Amino acid sequence: MNLTPEQILSAHKANLETLFGLTSKAFEGVEKLVELNVTASRAALSEAAQHTQAVLSVKDAQELLTLQAGLFQPLAEKTASYSRHLYDIASSTATEFNKALESQSAEARKNFNTLLETSAKNAPAGSESAVALVKNAVSAANSAFESVQKAVKQASDVAEANFNAATKTATEAVKTASGAKR
């Protein structure tokens, strides 16, 4: 099967659209990351100034210890929140890339299967067993690819659940420890 110039041009156009779409998604992820870091830095600077003012106005050691102990719970919660936002940005960007990859791979498999069917129809007499062997191999490869995609998705879901559980546990531990100190 020979590809026509229109088919080649169409394929290149589709590939360029995909490339620009993925580049746009990557920049969106970077923009979100920069925004998160600027917001976190601004908040940290403001809180450091407030804490410094509070430390400068303490009257005794007990008040200083209480002030320092009260700093840890909000810090742990903010760290957990920052980590969650960071994970969400990375996860959503990766999801967009995975969608594009799945779409492109599905299109490539479809095109390859069409090419295979066309070639099988035009195959010389007596080559039916070879064509059947190639079709079985392609089918097995497609099944393996789909299994790997499902396994990656499941692993991603488990990792996200573990991340959420660890964040929740860490936040609760800090709350408990802060409550016990007071």
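What you see is a predicted model; the values in this text were computed from it and never measured.

## Regarding a nonpolar patch on the surface
On the surface, Leu16, Leu19 and Phe20 cluster together into a nonpolar patch covering about 320 Å² of accessible area. In this structure, phenylalanine 20 sits in helix α1 (residues 5-56).

## Here we look at helix α2 (residues 61-121)
Under the 1.5 Å per step criterion, the end-to-end length of α2 is 89 Å for 61 residues, consistent within 8% with the ideal 90 Å. Regarding α2, the residues found buried are Gln73, Ala80, Ile89, Thr93, Ala100, Ser105, Arg109 and Leu116.

## Some words on the environment of threonine 171
Secondary-structure assignment places threonine 171 in helix α3 (residues 128-181). Every residue in contact with threonine 171, bar those within four places of it in the chain, is listed here: Glu77 and Ala80.

## Some points on α1
In a regular helix each residue adds 1.5 Å, so 52 residues correspond to 76 Å; α1 covers 76 Å between its end C-alpha atoms and thus fits that length. Against α2 lie the buried residues of α1.

## Let's talk about the pattern of salt bridges
Opposite charge on two side chains lets them pair, provided their charged atoms get close. Under the counting rule described, the total for this entry stands at 4 salt bridges. With a closest N to O distance of 2.8 Å, arginine 84 and aspartate 88 form a salt bridge. With a gap of 4 residues between them, arginine 84 and aspartate 88 both fall in helix α2, about one helical turn apart. Among the residues examined, aspartate 88 registers a relative accessible area of 35% and is labelled partly exposed.

## Some points on the UniProt feature "domain: Phasin" (unreviewed entry) in the protein
Taken from the UniProt record, the annotation "domain: Phasin" (unreviewed entry) applies to residues 6-104. Secondary structure across residues 6-104 divides into 96% helix and 0% strand, with the first and last C-alpha atoms of the span separated by 19 Å.

## Side note on the layout of surface pockets
Approximately 560 Å³ is the volume attributed to the largest pocket. Surrounding the largest pocket, 20 residues form its lining, Ala43, Ala44, Glu47, Leu75 and Lys78 being those nearest its centre. Breaking the lining of the largest pocket down by element, the ones donating at least two residues are α1 and α2. Among the residues making up the lining of the largest pocket, the classes are represented as 10 nonpolar, 7 polar and 3 charged.

## As for the side chain of serine 127
Position of serine 127 relative to the elements: it lies in the loop between α2 and α3. In this structure the side chain of serine 127 is engaged in a polar contact, spanning 2.6 Å, whose partner is the backbone oxygen of proline 124.

About the thresholds
- Residues numbered from 1 in each chain as written.
- Predicted model: local features only at pLDDT ≥ 70, side-chain atom pairs only at ≥ 80, totals over all residues.
- Heavy atoms only, no water.
- Patch = residues over 30% accessible without salt bridge, like charges linked within 9 Å, V, L, I, M, F, W, Y side chains within 5 Å.
- Areas by Shrake-Rupley, 256 points an atom, 1.4 Å probe, with all protein chains shown as cover.
- Salt bridge = Lys/Arg side-chain N within 4 Å of Asp/Glu carboxyl O.
- Helix = DSSP H or I, 4+ residues; strand = E, 2+ residues; numbered from the N terminus.
- Expected span 1.5 Å × (residues − 1).
- Buried < 20%, exposed > 50% of the residue type's maximum accessible area, 1.4 Å probe, protein only.
- Contact = heavy atoms within 4.5 Å.
- UniProt positions renumbered as here; feature names shortened; annotations may be inferred.
- 1 Å grid on protein atoms, 1.4 Å probe; cavity = no way out; pocket = protein on both sides within 12 Å on 5 of 7 lines; lining within 4 Å.
- Points joined across faces, edges and corners; volume = space filled by probe spheres on them.
- Nonpolar A, V, L, I, M, F, W, Y, C, P; charged D, E, K, R; others polar.
- Polar contact = N/O pair within 3.5 Å; in protein donor to acceptor, adjacent residues only side chain to side chain.

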